[in-house]
Structures are given as C-alpha cells and as structure tokens.
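Descriptive structure summary
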Amino acid sequence: MRSLLQALGMFTLLPVGEVLEVDRPVARRLMLALPWAGLVCGLASGAAAGLVLACGAGSALAAMAALATLAGITGAMHLDGVADTADGLASRKAPEEALALMKRSDIGPMGVATVVLVLLLQAAALVSLGAAAAGWLVAAAVCLPMVGRIGVVLATVRGIPGARPGGFGVLFTGVTSPAAAAVDALAALLACAAAGFLASGPALAVVLPVAATLSWLMAALWQRHLLRRLGGLTGDTFGSLVEVGQTCFVLLAALAAGRLA
C-alpha cells in the first residue's frame, strides 16, 4: 500500500503525499506499483464515464469525460511525453540533437498533431465500445491506464539502457527484474478479465486480456524503434510507451467489439 501511495504521489496530481528522494530500491518499488496507480486512475476515469452514461448523455461525452478525467489526474504527463518524443523523432536529427529537442519545454507541430491524434483515436475507440454496450466502454476506461503502464514496467527490465545520463528516466532504467515484470503483467491480465466479466460477461473477459497482450507487443515494437533511433530510453519515451499501449489496447478492444456486436 505504501508503494502504491508513493506511486500516486510521484505520477499523479492526487494529494497523497510525495516521494522526496528516489534511489534505486525506491524506483523499483514505484515501478512495480505503477500499473496499480494506473488502475486507481482508471477507476476514476470509468466512474466519470459511467456517470455520463447513467445520465443518458451518450457514448461520445462519456468517452471524453473518461479521457479528460485521466488527463486531469495525471497532469497530462504521458501526453507531454509522447509529444516530446514525436518532436524529437520527427526532427530526423542525430540522437544527441533529438534528445536535446525532446528536453525543451515547448512543443512543436508534430508533438501537437500527435497528441490530437492519440486523443481522437482513444475517444473514437471508446465511443465504438459504447455502441456495443455501455459496460464495454466503462470496463475499457477502467483498464486503459493500467494496461498502458505495464508497457513501461516491461521497458524498465534490466539490460535496457537509458539514453540520457542524469535525466529523470534514468532513475527507473533497468530497475525491474524480468520475473517481477511478468508477475505485474499477469496480474494486469487477471484484472482485465475481472473487469470485463463484471461489466459484460465472458466475451469481454476474453477480449480485454487479449487486447492488452497485443498492445504490449505493439509497445515492445515501439520500444525497439526508440532504442534503435535514440540509443536508449528517457522519461519522455516512457510516456510515449504509455500512450502507444493505451491507444492500441482500446483500438483492439473496439475492433473486437465491432466483430462481436
């Protein structure tokens, strides 16, 4: 519980206290608690979507309420990361220059376009899920942040290098053992299955874990590209891994819902 509260304090704006000093042991605990901090955010996001649906306001507003709640709780941290990553990669500069661009506080046109597209894709997918059944939208909104953060846990397995010494991301690079990452991933799959079953029954209990697994494969491919392009990972690229995982997860779930509806 302490690690969860520390992860919420570090990676969200929730008033649950702060981690004052992060060393390697603390970073390890924070990283393993990260998906469960994501689940807390997802519960708030799903509650917002469920409230809108209960008021009869429709799937479009429910989807936007879910995403707005998530962005508000996290301070749009991961959206900022994917925007900075997009700017760095789009520059086509050498790794050192690309990393310098990513470190700047301003956001370029590619970063803006990427954030808009990511949010539109996630919102459209949630709307599609809501068209299948209200429970599908709510369950996906609950699981979305947890699933996206598992991609970061897998990216902090020992042996994956950091790109910039002294940056925030290097605190978490290589802190997770493969076994611990696997346990977190398995627990997340079980959580997806439980959320799907409670929301809509056996069909969704299968769809969400399958979508989560495939989204982690897509995040792994994105990670491979980042390592080849930048030579390592940073805090910004961790944010991009979250958003890639989230987007793939909800898109795959929506495609499955379209087939099963």
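Residues numbered from 1 in each chain as written. Predicted model: local features only at pLDDT ≥ 70, side-chain atom pairs only at ≥ 80, totals over all residues. Heavy atoms only, no water.

What to know about the overall build of the protein
Within the protein one finds ten helices and zero strands. Start at the N end of the protein and walk to the C end: the helices and strands fall as α-α-α-α-α-α-α-α-α-α. Summarising its shape, the C-alpha atoms of the protein cover approximately 50 × 40 × 30 Å along the three principal directions. Expressed as a percentage of its 261 residues, the buried residues of the protein come to 51%. Summing over all exposed atoms, the protein offers an accessible surface of approximately 11,300 Å²; the carbon and sulfur share of this is 70%. (Helix = DSSP H or I, 4+ residues; strand = E, 2+ residues; numbered from the N terminus. Buried < 20%, exposed > 50% of the residue type's maximum accessible area, 1.4 Å probe, protein only. Areas by Shrake-Rupley, 256 points an atom, 1.4 Å probe, with all protein chains shown as cover.)

A word on the environment of leucine 13
Following the sequence through the fold, leucine 13 ends up in the loop between α1 (2–11) and α2 (24–54). Residue classification places leucine 13 among the exposed residues on the basis of a relative accessible area of 60%. Along the backbone, leucine 13 and alanine 76 are 63 residues apart, and their C-alpha atoms lie at a distance of 9.8 Å. With near-sequence residues (within four places) excluded, leucine 13 lies in contact with Gly72, Ile73, Thr74 and Gly75. (Contact = heavy atoms within 4.5 Å.)

Details of empty space enclosed by the protein
All chains considered together, the criterion is met by one cavity of 30 Å³ or more. Estimated volume of the largest cavity: approximately 110 Å³. Surrounding the largest cavity, 13 residues form its lining, Leu70, Ala71, Leu79, Glu243 and Gln246 being those nearest its centre. Of all elements in the fold, only α3 (59–74), α4 (77–90), α6 (109–132) and α10 (235–260) reach the threshold of two or more residues within the lining of the largest cavity. Of the residues forming the lining of the largest cavity, the biggest block, four residues, is contributed by α3. (1 Å grid on protein atoms, 1.4 Å probe; cavity = no way out; pocket = protein on both sides within 12 Å on 5 of 7 lines; lining within 4 Å. Points joined across faces, edges and corners; volume = space filled by probe spheres on them.)

Quick notes on the UniProt feature "transmembrane region" (unreviewed entry) in the protein
The UniProt feature table records "transmembrane region" (unreviewed entry) at residues 35–68, 107–127, 133–157, 169–197 and 203–222. Summarising residues 35–68: 88% helix, 0% strand, and an end-to-end C-alpha distance of 19 Å. As a span, residues 107–127 carries 90% helix and 0% strand, and end to end its C-alpha atoms are 28 Å apart. (UniProt positions renumbered as here; feature names shortened; annotations may be inferred.)

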